[in-house]
Amino acid sequence: MERNLLRITARRYGDSIYIVENAVSDNANENVSDKLKRLMLADAESLVKQKAS
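Residues numbered from 1 in each chain as written. Predicted model: local features only at pLDDT ≥ 70, side-chain atom pairs only at ≥ 80, totals over all residues. Heavy atoms only, no water.

Trainee: Can you help me understand the overall build of the protein chain in this one?
Mentor: Scanning the protein chain from N- to C-terminus turns up one helix and two strands. From first element to last, N terminus to C terminus, the protein chain shows the α and β order β-β-α. Computed over its C-alpha atoms, the radius of gyration of the protein chain comes to 16 Å, more than 25% above the 10 Å expected for a compact globule of 53 residues. Projected onto its principal axes, the C-alpha positions of the protein chain cover 45 × 35 × 15 Å. Across the 53 residues of the protein chain, 0% fall into the buried class. Accessible surface for the protein chain amounts to roughly 5400 Å². Of this, 54% is attributable to carbon and sulfur atoms. Both charge centroids of the protein chain, one from 9 positive and one from 8 negative side chains, sit 4 Å from each other. (Helix = DSSP H or I, 4+ residues; strand = E, 2+ residues; numbered from the N terminus. Rg over C-alpha atoms; globule rule 2.2 N^0.38 Å. Buried < 20%, exposed > 50% of the residue type's maximum accessible area, 1.4 Å probe, protein only. Areas by Shrake-Rupley, 256 points an atom, 1.4 Å probe, with all protein chains shown as cover. Lys, Arg positive; Asp, Glu negative; His and termini not counted. Charge placed at Lys NZ, Arg CZ, Asp CG, Glu CD.)

Trainee: Can you walk me through the environment of isoleucine 17 in this structure?
Mentor: Here isoleucine 17 lies in strand S2 (residues 16-25). Given the relative accessible area of 51%, isoleucine 17 is considered exposed. Ignoring any residue separated from it by four or fewer positions in sequence, one finds isoleucine 17 in contact with Arg11 and Arg12. (Contact = heavy atoms within 4.5 Å.)

Okay, here's the thing in structure tokens:
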């Protein structure tokens, strides 16, 4: 049985409010730092491709 934990946090920075949903899954195959690194690298590659065209 998969167990999912969900936590929602709201923070105010200046005039902005940021709402973050944090979910944890027993079936995850990467940790948060690996996932963020993968997403940032993919975004950077996308921006390079856009700039080249």
